Amino acid sequence: RTQLCVGAEMCSRGVWQLRTLLLKYCDYGGSSQGVRDWISTQLAPFAKANPQIEIIASRQPGRHPHVKARYLADGDKALSLKGLSWQQVSMRLQFLRDSRPVRLRKWDKPFRSTPSIQGEWQLGQQLAAEHRVIRVSGGGGGGS
């Protein structure tokens, strides 16, 4: 069931963009302590406040913790949770809920549509003949 969003949260035309949060953490690693604390204390309130998000927590022994967010139309976004406290983990998950990945657009057309008057530049190009540099000393503004 799709829940309509209201306010500053990231939604598009009233539809939540974040679909799934996939949390991966280690049961005994020190870098996963904040994620384990967040799961034990904050997972239930977060899930209750955000019923439109599917939250999957899986153990990954011997690996640093990270979260992968899957969005409705824009693809995935991954963030590291290595060594964060449970408050920082909560802020990262809130950030993922309130944002969406923006894809970089490729240029539709080339940068220059007409060729250069001077010709195409090539690496190692040499001048045809030697040139002299003429220096003109500029005066301070007066004549003479």
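Refer to the structure presented above.
Per chain, residue numbering runs from 1 following the sequence as it is written. A pLDDT threshold of at least 70 governs which residues receive local features in this predicted model, and a stricter bar of 80 or more applies before side-chain atom pairs are shown or counted, although totals over entire chains, interfaces and linings include all residues. Side-chain numbers come from the whole structure's heavy atoms, not from hydrogens or water.

Draft legend 1. Local environment of the overall build of the protein. Each helix corresponds to a stretch of at least 4 residues labelled H or I by DSSP, and each strand to a stretch of at least 2 residues labelled E; elements are numbered beginning at the N terminus. When you go through the protein residue by residue, the secondary structure sums to three helices and six strands. Note that accessible areas follow from Shrake-Rupley with a 1.4 Å probe, and for residues the cover is restricted to the protein chains shown. Summed over all atoms, the accessible surface of the protein reaches about 11,400 Å², with 52% contributed by carbon and sulfur.

Draft legend 2. Highlighting the pattern of salt bridges. By definition, a salt bridge exists where a carboxyl oxygen of Asp or Glu is found within 4 Å of a side-chain nitrogen of Lys or Arg. Tallied over the entire structure, the rule returns four salt bridges. Of the charged contacts in the structure, one is a salt bridge between Asp27 and Arg59, with a shortest N-O distance of 2.8 Å. Placement of the pair is Asp27 in the loop between strand S3 (18-25) and helix H1 (33-41) and Arg59 in strand S4 (residues 54-59), with a sequence separation of 32 residues.

Draft legend 3. Quick look at helix H3 (residues 86-98). Each residue after the first adds 1.5 Å to the expected span of a helix. If you check H3, its first and last C-alpha atoms are 18 Å apart, about what 13 residues at 1.5 Å a residue would give, namely 18 Å. Within H3, the full set of buried residues consists of Val89, Leu93, Leu96 and Arg97. Looking straight down H3, one finds its buried side chains confined to an arc of 100 degrees; they lie on one side. Those residues of H3 that are buried are in contact with strand S2 (15-16), S3, H1, helix H2 (43-49), strand S5 (66-71) and strand S6 (76-80). Whether a residue is buried, partly exposed or exposed follows from its accessible area with a 1.4 Å probe, protein chains only, as a fraction of its type maximum: under 20%, in between, or over 50%, in that order. Working note: the arc is built from the helix axis to C-beta atom directions. When checking whether two residues touch, look at their non-hydrogen atoms; a contact exists if any pair is within 4.5 Å.

Draft legend 4. Structural detail: the nonpolar core. Among buried residues, those of type Ala, Val, Leu, Ile, Met, Phe, Trp, Tyr and Cys that are joined through side-chain atoms within 4.5 Å constitute a nonpolar core. Membership of the largest hydrophobic core comes to 18 residues, with the highest contact counts inside it found for Leu21, Trp38, Val67, Leu81, Val89, Leu93 and Leu96. The set of elements that each furnish at least two residues to this core consists of S3, H1, S5 and H3. Examining the composition of this core, we find that four residues originate from one element, S3, more than from any other. Contact partners of Val67, with chain neighbours within four places excluded, come to Leu21, Leu22, Leu23, Lys77, Ala78, Leu79, Leu81, Leu93 and Leu96.

Draft legend 5. Up close: the sheet that holds S6. Two strands qualify as a pair provided DSSP detects at least 2 bridges between them. The sheet built from four strands is open, its strands ordered S4-S3-S5-S6 with mixed pairing. Across the chains shown, the open sheet's two edge strands, defined by having one partner strand only, are S4 and S6. Each adjacent strand pair in this sheet contributes to an overall mean axis angle of 15 degrees, direction not counted. Pairing geometry for S3 and S4, over six bridges, is parallel. Fitted lines through C-alpha atoms give the axes, limited to the stretch in contact for helices. The angle between two N-to-C directions lies from 0 to 180 degrees.

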